[in-house]
Structures are given as structure tokens and as C-alpha cells.
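The primary structure of each chain is shown beneath.
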Amino acid sequence: MKKQQRVLTGITTSGIPHLGNLVGAILPAIKASNQENNSSFLFLADYHSLIKNTDSDLTHSSSYEIAACWLACGLDPKKVIFYRQSDIPHIFELAWILGCLTSKGLLNRAHAYKAAISDNQEKGAKDIDKGITMGLFNYPILMAADILMFNADIVPVGQDQKQHIEMARDIAVKFNHHYGELFTPPEAQIGETTGILPGLDGRKMSKSYNNTIPIFSDESVLKKTIMKIKTNSLEPGEPKDSSDCNIFSIYNAIASEKQVREFQTQYDEGIGWGDAKLFLFESLEEFLAPFKSEYAKIIEDRAYIESVLVDGSKKALEISTPIIEDVRKAVGIKGF
Ligand code: ADP
Ligand code: TRP
């Protein structure tokens, strides 16, 4: 029998769920949760949301919508431990302990922090740390705590998060070196076809860039959104390069290989951008339809969503409690 492995991933609750989240994280994680030798931990990274904004209503409503989204997309609470990060205080205790082991230099190299610094440099700010919070700086430590708290083996994420998983590995190895082998160094699992899904403007699709395709918008909003995708100025009839095309990359993430080949032929034959967008819109409508109808039902049932999460948090605590007890002892925090 294959060894049971722990698969864990979370989504920051700072906006409405988008297609990048769906194909990069939600669907692969749900697929993994259906494999027999996996035990899955899926959670709402609600304290991560505070790094990105100070809008308490947004954090709260986003948590609710992302919870409903997971359930609508097929998360089975009987198979998965599904919880709110904020319900597991051990994670924050562990984050402190890991922070005391993490060198500042490692965090200086984190993408999100480096991007904020270079943004300040470009703007000519006198202080390159202008507007950068300790939350942003420490973000990879909280994420390492999320992962190590449950000794996850595999972390399915989009390409953008790979560096954070590598940092969690480094931190686990360092802890084990100082205090004994308590943590499993985790591995990232990156979707082969999706990598990073581009947004409407060609940058990574992200809540932070306001360039997303929401999963649960109604038809007319979805259509308007798709029509906004940036393209070049080639005319209908002119052959088009699919390798550098946002419409094509998005289609690629939701279609079968055969469908992608057919779309490629249309590019070679010079499909017009309007038609390509319309085709993508219709394909997305079809792809998203089953998730949308489930979501419409679940989002009305506040009590159900709450009870699933309360139940999930109880199960998560049963696992985190003995681990944090061992960690406390290992670092010398114990009764006399
Ligand atoms: P955002 O960038 O919109 O804030 P999150 O950081 O909350 O998204 O990401 C949650 C999960 O969705 C992560 O596993 C992340 O890698 C994945 N993800 C987010 N955006 C994309 C994307 N454009 N392509 C692929 N995966 C993505
Ligand atoms: N930082 C991730 C993101 O914004 C979300 C997240 C938080 C996460 N903790 C995690 C993902 C632990 C995987 C494992 O996308």
C-alpha cells in the first residue's frame, strides 16, 4: 500500500475568487483530495488577507465567498479537513518560533517584498521600505507555519508561490537541524498546463492587479470582462501567434488537448480577435456552468458553511495540538 501523504493548500481571502485561483489551486487540490492515499488540508488564509488590505468587510466577505467557492467546486468535507487559518492559534505560535530561526536575508529575497522595494525605487521614494509592513515582510514565515503545522508533504500552488514553499522547506530543515526531526520539508506541486494564468492585461491574473476573470460573475459581466483582454492589432485574416496570446493561454487552461489544437488551427487561419474572445467567453460559460449553479445554492446557506468550517477546525486542532506540544518541548518551552 502506498504511504499516506498530506496535501495542503490555502487561499488568501482578500477578494473574489478568480479563474487563476480555480485552475491554479482549487481544482488541482480537489482532484488530489479524491486520491486514496492523500489526506487533504484546505484552508482559508484569512490572516494573510490583512497583509493585502485593511478593509475588514472585504476580508470577511471574501472568506465567505471563497469558502462557498471551495464547496461549490467539489470539496467534500468528509474527505478534506477544511478550516479557517484564524481558528488554529497554534499556527501563529509556530510562526513566532519559525521567525526566530529565519534569517532576515532569506526574507529580503522574497518576491513580494522585492517587488514592493523595486516599486518604491521606480517611484524614486527616499525610503525604499516606504509603505511596506512587517506583515508583508513576514508573509513567507506565516505561510511556512501554515504548512509545517500539519507536516504537509505536498503543497499544490500556482507557480508564483513556488518560492514560498522552498522557503518553508529551508525553514523546516533549519528547525530540524537545531531541535530534532519534527518537520517534514514540503514540496510544491505546480499545475503542468497552467503555470501562471495571465490576467486581462497579460500580467499574472491576481486580485492585487485588478485584472481577473471572476468565477461567479453573471453572463453579461463575464462577457464584458473577456472583451477587455488585451491583444495586438493584427486584423482578421492575418495568422496569429498563439504562444504569446492571453486569450489562448486562458483557453488552454480550461480546454482539452484536442480543443486546444483546434483553436490553434483557427489562429493559423487568422481568426479575428473579436471572434476569438467570443469563443473564449462561450467556452468559459460552459466550463464554469456547473460550478456556478452549485455556488448559487451554497452561498445562500450561511449555517451550512459555518458548520463545515467549525467542524473542520476541530479536526485540524486535533492534529495541530500534539505537534505544537512537541515543538514547544523541543525548543525548551515546558513546565518545570
Ligand atoms: P491572488 O494573486 O489573486 O491574490 P492568491 O495569492 O490568493 O491569489 O492565490 C491563491 C492560490 O491561487 C495560490 O495557490 C496561487 O498560486 C493560485 N493562483 C493565483 N493566481 C494564479 C494565476 N494567475 N495562475 C495560477 N495560479 C494562481
Ligand atoms: N500565500 C498564498 C497565496 O496568497 C496563500 C497561502 C497562505 C498558502 N498559506 C498557504 C498556500 C500555505 C499554500 C500553503 O496564494
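1. Quick word on the overall build of the protein
Then step 1. What the protein contains, in helices and strands, is 13 helices and 5 strands.
Then step 2. In summary, the protein has a C-alpha radius of gyration of 21 Å against a globular reference of 20 Å for 336 residues, a match within 12%.
Then step 3. Taking the principal axes of its C-alpha atoms as reference, the protein extends roughly 80 × 50 × 40 Å.
Then step 4. If you take every contact in the protein between residues at least 6 apart in sequence, the share linking residues at least 24 apart comes to 78%.

2. Here's the deal with the site of ligand 2
Then step 1. Around ligand 2 sit 15 residues, and of these Thr12, Tyr139, Met143, Asp146 and Gln161 come closest.
Then step 2. Mapped by element, the contributors of at least two residues to the shell around ligand 2 are strand S1 (5-12), strand S2 (38-45), helix H2 (46-52), helix H7 (134-148) and strand S4 (154-157).
Then step 3. Taken together, the residues of the shell around ligand 2 sort by class into 8 nonpolar, 5 polar and 2 charged.

3. Some details on the pairing of S2
Then step 1. By the criterion of burial, S2 is predominantly enclosed, with 7 of the 8 residues buried.
Then step 2. Two strands pair when backbone bridges link them, and S1 and S2 are joined in this way by 8 bridges, in the parallel orientation. In the sheet register, Thr12 faces S2, and the bridge partner there is Ala45.
Then step 3. A crossover links S1 with its parallel partner S2, the connecting element being helix H1 (residues 19-33), and its sense is right-handed.
Then step 4. Bridge count between S2 and strand S3 (residues 80-84): 5 bridges; the pairing is parallel. In the sheet register, Ser40 faces S3, and the bridge partner there is Val80.

4. Observations regarding the domain arrangement of the protein
Then step 1. Assigned domains within the protein: domain 1 (5-197 + 302-331) and domain 2 (216-296).
Then step 2. The C-alpha-based centres of domain 1 and domain 2 are spaced at 31 Å.
Then step 3. In this assembly, 13 residues from domain 1 lie in contact with 12 residues from domain 2.
Then step 4. In this structure, the connection of domain 1 to domain 2 is made through 0 residue pairs in polar contact (both at pLDDT 80 or more).

5. Re the pattern of salt bridges
Pairing between side chains of opposite charge can happen when the charged atoms of each approach one another.
Then step 1. Tallied over the entire structure, the rule returns 11 salt bridges.
Then step 2. As a salt-bridge pair, Glu294 and Lys297 come within 2.8 Å of each other at their nearest N and O atoms. Within this pair, Glu294 and its partner Lys297 are both found in helix H12 (residues 273-298), separated by 3 residues, close to a single helical turn.
Then step 3. Under the relative-accessibility criterion, Glu294 is labelled partly exposed at 30%.
Then step 4. Here Lys297 falls in the exposed class, since its relative accessible area comes to 54%.
Then step 5. Here Lys315 makes a salt bridge to Asp311, at a shortest N to O gap of 3.9 Å. Of this pair, Lys315 and Asp311 both sit in helix H13 (residues 302-331), 4 residues apart, which is roughly one turn of that helix.
Then step 6. Here Lys315 falls in the partly exposed class, since its relative accessible area comes to 29%.
Then step 7. Through salt bridges with shared partners, one network takes in Arg84, Asp87 and Glu306.

6. Concerning the site of ligand 1
Then step 1. Around ligand 1 lies a shell of 19 residues, among which His18, Gly158, Asp160, Lys204 and Lys207 are the nearest.
Then step 2. Taking Asn21, its side chain carries an N or O atom lying 3.2 Å from an oxygen atom of ligand 1.
Then step 3. For ligand 1, whose unbound accessible area comes to 540 Å², protein coverage reaches 97%.
Then step 4. Mapped by element, the contributors of at least two residues to the shell around ligand 1 are S1 and H1.
Then step 5. The element best represented in the shell around ligand 1 is H1, accounting for 4 residues.
Then step 6. In the shell around ligand 1, the residues fall into 6 nonpolar, 9 polar and 4 charged.

7. Overview of the packing of helix H9 (residues 219-227) against H12
Then step 1. Remark: H9 packs on H12, axes separated minimally by 9 Å, with the N-to-C direction vectors making an angle of 140°. The angle between H9 and H12 falls in the class oblique. In this structure, H9 crosses over H12, and the sense of that crossing is right-handed. On H12, the residues that touch Glu219, Leu222, Lys223, Ile226 and Met227 of H9 are Gly274, Lys277, Leu278, Leu280, Phe281, Leu284, Glu285 and Lys292.
Then step 2. Here the residues of the contact of H9 with H12 sort into 7 nonpolar, 1 polar and 5 charged.

8. Details of the environment of Tyr209
Then step 1. Mapped onto the fold, Tyr209 is located in the loop between strand S5 (187-190) and H9.
Then step 2. With relative accessibility at 36%, the residue Tyr209 sits in the partly exposed group.
Then step 3. With 10 residues separating them along the chain, Tyr209 and Gly199 place their C-alpha atoms 8.5 Å apart.
Then step 4. Those residues in contact with Tyr209 that lie beyond four places of it in its chain are Arg203 and Lys204.

9. Description of unusual backbone geometry
Then step 1. Despite not being glycine, Asn151 shows a phi value in the positive range, around 50°.
Then step 2. On the basis of relative accessibility, which here comes to 15%, the residue Asn151 falls in the buried class.
Then step 3. Of note, Asn210 is a non-glycine position whose phi angle comes to about 55°, a positive value.
Then step 4. Tracing the sequence through the fold places Asn210 in the loop between S5 and H9.

Criteria and thresholds
- Residues numbered from 1 in each chain as written.
- Chains lettered and ligands numbered in written order.
- Predicted model: local features only at pLDDT ≥ 70, side-chain atom pairs only at ≥ 80, totals over all residues.
- Heavy atoms only, no water.
- Helix = DSSP H or I, 4+ residues; strand = E, 2+ residues; numbered from the N terminus.
- Rg over C-alpha atoms; globule rule 2.2 N^0.38 Å.
- Contact = heavy atoms within 4.5 Å.
- Near = heavy atom within 4 Å.
- Nonpolar A, V, L, I, M, F, W, Y, C, P; charged D, E, K, R; others polar.
- Buried < 20%, exposed > 50% of the residue type's maximum accessible area, 1.4 Å probe, protein only.
- Pairing = 2+ DSSP bridges.
- Right-handed = clockwise from strand over helix to strand, strands pointing away.
- Domains from an automatic or database assignment.
- Polar contact = N/O pair within 3.5 Å; in protein donor to acceptor, adjacent residues only side chain to side chain.
- Salt bridge = Lys/Arg side-chain N within 4 Å of Asp/Glu carboxyl O.
- Areas by Shrake-Rupley, 256 points an atom, 1.4 Å probe, with all protein chains shown as cover.
- Axes fitted to C-alpha atoms, helices over the stretch in contact; angles between N-to-C directions.
- Parallel < 35°, antiparallel > 145°, perpendicular 65-115°, else oblique.
- Left-handed = near helix turned anticlockwise from the far one by under 90°.

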